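If you want the building blocks of each chain, they are given just below.
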Amino acid sequence: MGIEFTEASPDRVVATMPVEGNTQPFGLLHGGASCVLAESLGSVGAALHGQTVDRPVAVGVDINATHHKAVRAGRVTGVATPAHRGRTMTTYEVVITDERGDRVCTARITCLLRPA
């Protein structure tokens, strides 16, 4: 997938991913690739928060995504911010943008937090 993390904390997780190699047959960024990026970001944020409540194992239980715009080349950037951080469950909103800063996808991922 080529995902590269540039920032990671319970409050904000940022990563980039190349479009090349993550396309569907028409040459557009695959929606599933956007979901992989979103789940990666949200899961990292959830696990980092989980460490603060003695439940560091994050297990994804729900993800949804709205694809707003097609991308054919370059890199996309995902930014995950918490919508809810509890003791047993977290939800992160993930906004994925293209190199021009246009929103490509909005996703939401919910993770169950489990003890180690």
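Residues numbered from 1 in each chain as written. Predicted model: local features only at pLDDT ≥ 70, side-chain atom pairs only at ≥ 80, totals over all residues. Heavy atoms only, no water.

**A word on the pattern of salt bridges**
When the charged atoms of two side chains lie near each other, side chains of opposite charge can form a pair.
Reasoning step 1: Scanning all chains against the criterion turns up six salt bridges.
Reasoning step 2: Taking the shortest distance from any N to any O, the salt bridge between Asp98 and Lys69 comes out at 2.9 Å. Here Asp98 is found in the loop between strand E5 (89-97) and strand E6 (103-114), whereas its partner Lys69 is found in the loop between strand E3 (57-67) and strand E4 (75-85), with 29 residues between them in sequence.
Reasoning step 3: Between Arg100 and Asp102 there is a salt bridge whose closest N-O contact spans 3.3 Å.
Reasoning step 4: Beyond isolated ion pairs, a larger network of salt bridges with shared partners links Lys69, Asp98, Arg100 and Asp102. (Salt bridge = Lys/Arg side-chain N within 4 Å of Asp/Glu carboxyl O. Helix = DSSP H or I, 4+ residues; strand = E, 2+ residues; numbered from the N terminus.)

**Considering the nonpolar core**
Reasoning step 1: Counting 23 residues, the largest nonpolar core has Leu29, Leu37, Leu41, Val76, Val94 and Ile96 as its most contacted members.
Reasoning step 2: Within the residue set of this core, elements represented by two or more residues are strand E2 (12-18), helix H1 (31-52), E4, E5 and E6.
Reasoning step 3: Here the element with the most residues in this core is E6; it accounts for six residues.
Reasoning step 4: The residues contacting Leu29, other than those within four sequence positions of it, are Met17, Val19, Asn22, Thr23, Gln24, Ser34, Val71, Val76 and Val104. (Core = buried A, V, L, I, M, F, W, Y, C linked by side-chain atoms within 4.5 Å. Buried < 20%, exposed > 50% of the residue type's maximum accessible area, 1.4 Å probe, protein only. Contact = heavy atoms within 4.5 Å.)

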